[in-house]
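A structural walkthrough
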Amino acid sequence: MTERNAISTDAAPAAIGPYNQAIDAGGLVHCSGQVALNPKTGEMVGDNVADQAVQVLKNLGAVLEAAGSSFASALKCTVYLTDLEDFGEVNAVYATAFEGVEPPARACVQVSRLPKDALVEIDCVALVH
């Protein structure tokens, strides 16, 4: 059986439920979805979807780094939006995380509601370096 290790960093928001920020197993890191919480205060950041997407990617990047990975090693991301009309704005911000690297596979779905009434959430699976 492959060993699995919990990943945790203070540079991203602490889990707000019975889950880990990420699990590393079999050379892959499976990152939990991140919303736009400030890791220091636990408060939501941003009044609009673009500002929230920036914070989401900062949080996700911090978890990837803590796991010994990066956006350059991402294999699959899922983007959850409360309004699919926000796709273009989020897509523009999302693209900045993958500048200069081959972007991963991705799905984007509209959901009725996200934790803390966030407008966007993103999760990721990536290779561990």
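Counting from 1, residues in each chain are numbered in the order their sequence is written. Local features are withheld for residues below a pLDDT of 70 in this predicted model, meaning they are given only at 70 or higher, and side-chain atom pairs are given and counted only at 80 or more; totals for whole chains, interfaces and linings count all residues. Side-chain numbers come from the whole structure's heavy atoms, not from hydrogens or water.

Reading across the sheet, the 6 strands line up as E1-E2-E3-E6-E4-E5 and stay open at both edges, with mixed pairing between neighbours. The strands lining the two open edges of the sheet, one partner per strand, are strand E1 (4-7) and strand E5 (105-110). Ignoring strand direction, the axes of neighbouring strands in this sheet form an average angle of 15°. What makes two strands pair is DSSP finding at least two bridges between them. Helix and strand assignments come from DSSP, with helices taken as H or I runs of at least 4 residues and strands as E runs of at least 2, each series counted from the N terminus. In this sheet, strand E3 (residues 28-34) lies alongside strand E2 (residues 22-25) in antiparallel orientation, the contact comprising 4 bridges. When the bridges of E3 are listed, Ala 22 appears paired with Cys 31. Whether two residues are in contact is decided by their heavy atoms: any pair within 4.5 Å suffices. Between N-to-C directions, angles span 0 to 180 degrees; the directions come from axes that are lines fitted to C-alpha atoms, helices contributing only their stretch in contact. Against the sheet, helix H1 (residues 49-66) makes contact with E1, E2, E3 and strand E6 (120-127), and its axis sits at roughly 25° relative to E6, the strand it touches most. Packing of helix H2 (residues 87-96) onto the sheet brings it into contact with strand E4 (74-81), E5 and E6, and relative to E4 it is tilted by some 150°.

So, about the environment of Cys 124. With respect to the helices and strands, Cys 124 occurs in strand E6. Residue burial is assigned from relative accessible area. The probe radius is 1.4 Å, only protein chains are included, and a residue is buried under 20% of its type maximum, exposed over 50%, and partly exposed in between. The class for Cys 124 is buried, based on a relative accessible area of 1%. Counting along the chain gives 112 residues from Cys 124 to Ala 12, while the straight-line C-alpha distance between them is 14 Å. Here Cys 124 is in contact with Val 29, His 30, Cys 31, Leu 60, Leu 64, Ala 74, Lys 76 and Cys 77, once residues within four sequence places are set aside.

Moving on: H2. Those residues of H2 that fall on the buried side of the exposure criterion are Val 90, Val 93 and Tyr 94. Seen along its axis, H2 keeps its buried residues to an arc of 105°; they face one direction. Think of it as the arc spanned by the lines of direction from the helix axis to the C-beta atoms.

Note on aromatic contacts: the rings of Phe and Tyr and the six-membered ring of Trp form a pair at centre separations within 6.5 Å, being stacked when their planes are under 30 degrees apart, edge-to-face when over 60 apart, and tilted otherwise. On inspection of all chains with the given rule, the structure shows 2 aromatic pairs. Between Phe 71 and Phe 98, the aromatic rings sit 5.3 Å apart at their centres with planes inclined by 75°, giving edge-to-face as the arrangement. Residue Phe 71 is located in the loop between H1 and E4, and its partner Phe 98 is located in the loop between H2 and E5; the two are separated by 27 residues in the primary sequence. Judged by relative accessible area, Phe 98 falls into the buried class, the value being 5%.

Note on placement: Asp 123 falls in strand E6. In this charge count, Lys and Arg are treated as positive and Asp and Glu as negative; neither His nor the chain ends contribute. Any carboxyl oxygen of Asp or Glu that lies within 4 Å of a side-chain nitrogen of Lys or Arg is treated as forming a salt bridge with it. One buried charged side chain, Asp 123, makes no salt bridge at all; its nearest oppositely charged neighbour is Lys 76, positioned 6.8 Å away. Identification of polar contacts relies on pairs of N or O atoms within 3.5 Å, with a donor-acceptor requirement for protein atoms, meaning one able to donate a hydrogen and the other able to accept it, and with residues adjacent in sequence counted only if both atoms are side-chain atoms. Only 3.0 Å separates the side chain of Asp 123 from the side chain of Tyr 80, close enough to count as a polar contact.

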